[in-house]
Amino acid sequence: MIKSSVLGYPRIGEDREWKRALEAFWSGKLEESEFHRELQEIRLNHLRKQQEKGVDLIPVNDFSYYDHVLDTATMFGIIPKRFSYEGGVVPLSVYYGIARGTKDAAASEMTKWFNTNYHYIVPELEGVSPALTENKPLLAYREAKEKLGIEGKPVIVGPLTFLKLSKGYSKSETDSWLGKLLPLYVQLLQELEAEGVQWVQIDEPILVTKLSADDVQHLKSIYETFAAAVPNLNIMLQTYFESVAYYKEIVSLPVTGIGLDFVHGFSGNISSIKEVGFPSDKILGAGIIDGRGIWKASLREKLKVIEALSEFVTNDRLIVQSSCSLLHVPVTVRNETKLLSELRNALAFADEKLGELVLLAKAVSSGGTGVTAELEECDRVLQALEHSSERNRKEIQHAVADISGQQPKRSVPFSERHLAQQKRWQLPIFPTTTIGSFPQSAEVRKARQLWRKGDWDNEQYADFIREQIDIWIKLQEEIGLDVLVHGEFERTDMVEFFGEKLAGFAFTQFGWVQSYGSRCVKPPIIFGDVAFEEAMTVEETKYAQSKTERPVKGMLTGPITIMNWSFVREDISREQIAYQLAYALRQEVEALEEAGIGMIQVDEPAVREGLPLKEEDQANYLAWAVKAFRMTTCTVRDTTQIHTHMCYCEFHDMIDSIEEMDADVISIETSRSHGELIHSFELNTYKLGIGLGVYDIHSPRIPRVEEMTSMIERALRVLDPKLFWINPDCGLKTRGYQETVESLRNMVEATQIARAKHSLKV
Ligand code: GLN
Ligand code: ZN
């Protein structure tokens, strides 16, 4: 009998009830005991669903009060010193303090969980002595057993992954840290074994990244230690998100099962299995249902994968699994009533994926009989989507094939453009500007609501937006900024806004996924050929420009960011999708230029996020990402100035690609990358226009003039003053009115000081 299993289930609930409970608790509206009760209800409900669907091995301890990495850290008593914690079970006040900050102590940093849009809390090891504070997996196991009779599979983050994702220790301390952590893991596992737990899933996604010889050595000693300590516990050593780099070493570790991703790491893992084989005494956890994608699987194709695997593993040693935790997909398609039927029928979110896994296990066990109807139904819906007119915009396909065959290039090189643009704009040295958005005040949000509900008609809403533009154009002039923006008051979200106006997109009603903590996002779905239908930003930009003599930048979100923040179709490559987006956005760029807008900013904050985990795939991704940006922007006149903006993560190791984007001006966040970016400009000179954010917009604090002066001076040590711009480090939409105005006034003052000091020299 082949078994089915899941690596983790979404926490947020069908209607984001998890999020609401957390926020109610934080705001003091929910008592702690009631809060625990509500979360338990949610948790049990998720287990019940998996039980009812018939999943064989149901994960427990995948649920969290915030984040599973934070759970692991607090379970091991890894609490930064600045939080007052005296040992024992970690109170919620400390737990949430680490996640969100308290009035006395800053929150821990958070960062992306591998190449997903989920963010985990980075454990801080410095100065702490770990100790097991409670055995969470054991509690979760008992709960599932007592309440529902489920023989659960506790999930824990493995020691190597945990350590490598932590900070506050040096490489040379790895051994000593493992020395401290392993006994705690052992104690935890021994308690599980003593309880009679059958399977435990130890997540080691770090195994799909590049490991050093030392790491591999550590891996061996970790799992040898476990094998000796808990001989009767079945350990599923679980990897995901890519193929493993050290297949041979990994499959010879002394564990009962090895979990591999046969969706995102398909080719790598399949070729390893073919080359090396699979040990006959082990169980293979075959991740064949995509835990990150939203599409229904072709069950026939999946059966073929299982068939291919069965050459190496007998069916009784095979578990069909999701490729990773279902945390990364929405809960269910069930409540989506507004989607095109050909799209809706082809979607599978978490709950539907449970069904797929169970069906596949059944199909294999029964030798393919008894599931014919399901297989046929599956073929039918997938074909309907394939034949949808949305996926068959021939003119788009031809146009995109045509332009992607060429090397997109501005008509003259930057040095020449730069002179032509200087002549046209006559900007002072160190031009000042902002990143695009101004505060989305309660009033702005209210207006949008009224309009969306139909209480306001289009004209009323447009009038309101124009008023906001008037106010902020005047303010920007008064503050003394050189290059203005219209403020983006008409946009809620920089991807959704464009997705709603382009063809080829769909929006779910409830398709939320957790991004970090209680924050959820509802990514658009790019399911058809993307097409430009009508100008999207021209009205507001043109209006803003009509109100001032100074240049107003047009504002677009770039193709790579739109793609990386959406769920995308899988019948064509991401590269092709990026080119379709680029082609559509290029038409917007041209429309802006046509309307007399001479500076156009194409934001690409999410380029870095799409970077493949495998180093060998990165150059290719960057090449087509750069190409897509250039496709979007290359057709404008020499005197039209193309800007771009990047933020959110570390860019210092991709400066070459950024330069190749060939934007006339880039504004880039530096305040959170701890000087690494500035350092990288010491190593290579950046030859195009650049503004390093001189203050951090993520804090409500008003930066002092001197702070910004020193930021400017620091940057000017490595950047050409003739190409240097001054701006905040990101859009201002989350800030208040007063703080924005005061901060920008200080920024202009700092600029004047810098101008006085440097203008004689250039
Ligand atoms: N232009 C956008 C804004 O200012 C950029 C946002 C971003 O970088 N994420 O809001
Ligand atoms: Zn930004």
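The structure presented is a predicted model; accordingly, all values stated were derived computationally and were not measured.

A. Here's a closer look at the overall build of the protein. Within the protein, the secondary structure is distributed over 27 helices and 21 strands. Here the C-alpha atoms of the protein give a radius of gyration of 27 Å, agreeing with the 27 Å that 2.2 N^0.38 yields for 762 residues. Its C-alpha atoms give the protein principal-axis dimensions of about 75 × 60 × 55 Å. The proportion of buried residues among the 762 residues of the protein is 60%. In the protein, once contacts between residues fewer than 6 apart in sequence are set aside, the share between residues at least 24 apart is 78%. Taken as a whole, the protein presents about 30500 Å² of accessible surface, with 48% of it coming from carbon and sulfur. Placing the 86 positive and 111 negative side-chain charges of the protein at their respective mean positions leaves the two points 1 Å apart.

B. Seen up close, the pairing of strand 19 (residues 665-668). The alternating pattern of strand 19 places Val-665 and Ser-667 on one face and Ile-666 and Ile-668 on the opposite face, and all of these are buried. As paired elements, strand 18 (residues 641-646) and strand 19 share four bridges and run parallel to each other. Bridge pairing in strand 19 places Thr-644 opposite Ile-666. Once you follow strand 18 into helix 24 (residues 655-660) and on to strand 19, the crossover reads as right-handed. Sheet topology note: the strand 19/strand 20 (residues 689-693) ladder contains four bridges and is parallel. Each residue of the ladder has a partner; that of Ile-668, found in strand 20, is Leu-692.

C. Representation of the coordination of the zinc ion (ligand 2) within the structure. The coordination sphere of the zinc ion (ligand 2) contains the protein donors His-645 (NE2), Cys-647 (SG) and Cys-730 (SG), at a distance range of 2.1 to 2.3 Å. Summarised as a motif, the one-chain spacing of the donors to the zinc ion (ligand 2) is H-x1-C-x82-C. Looking at His-645, the relative accessible area reads 3%, which means it is buried. With relative accessibility at 2%, the residue Cys-647 sits in the buried group.

D. Geometry of the pairing of strand 20. Where burial is concerned, most of strand 20 is hidden: five out of the five residues are buried. Residue alternation in strand 20 divides its side chains into two sets, Gly-689, Gly-691 and Gly-693 and Ile-690 and Leu-692, and both sets are buried. As defined by bridge partners, strand 20 adjoins strand 21 (residues 724-727) across four bridges and the pair is classed as parallel. When the sheet's bridge partners are listed, Gly-691 is paired in strand 21 with Trp-725. Assessed by its sense of winding, the connection that carries the chain from strand 20 through helix 26 (residues 705-716) to strand 21 is right-handed.

So, how was this worked out
- Residues numbered from 1 in each chain as written.
- Chains lettered and ligands numbered in written order.
- Predicted model: local features only at pLDDT ≥ 70, side-chain atom pairs only at ≥ 80, totals over all residues.
- Heavy atoms only, no water.
- Helix = DSSP H or I, 4+ residues; strand = E, 2+ residues; numbered from the N terminus.
- Rg over C-alpha atoms; globule rule 2.2 N^0.38 Å.
- Buried < 20%, exposed > 50% of the residue type's maximum accessible area, 1.4 Å probe, protein only.
- Contact = heavy atoms within 4.5 Å.
- Areas by Shrake-Rupley, 256 points an atom, 1.4 Å probe, with all protein chains shown as cover.
- Lys, Arg positive; Asp, Glu negative; His and termini not counted.
- Charge placed at Lys NZ, Arg CZ, Asp CG, Glu CD.
- Pairing = 2+ DSSP bridges.
- Right-handed = clockwise from strand over helix to strand, strands pointing away.
- Donors = N, O, S within 2.8 Å, 3.2 Å for Na, K, Ca; no water.

Read these as geometric descriptors, not functional statements.
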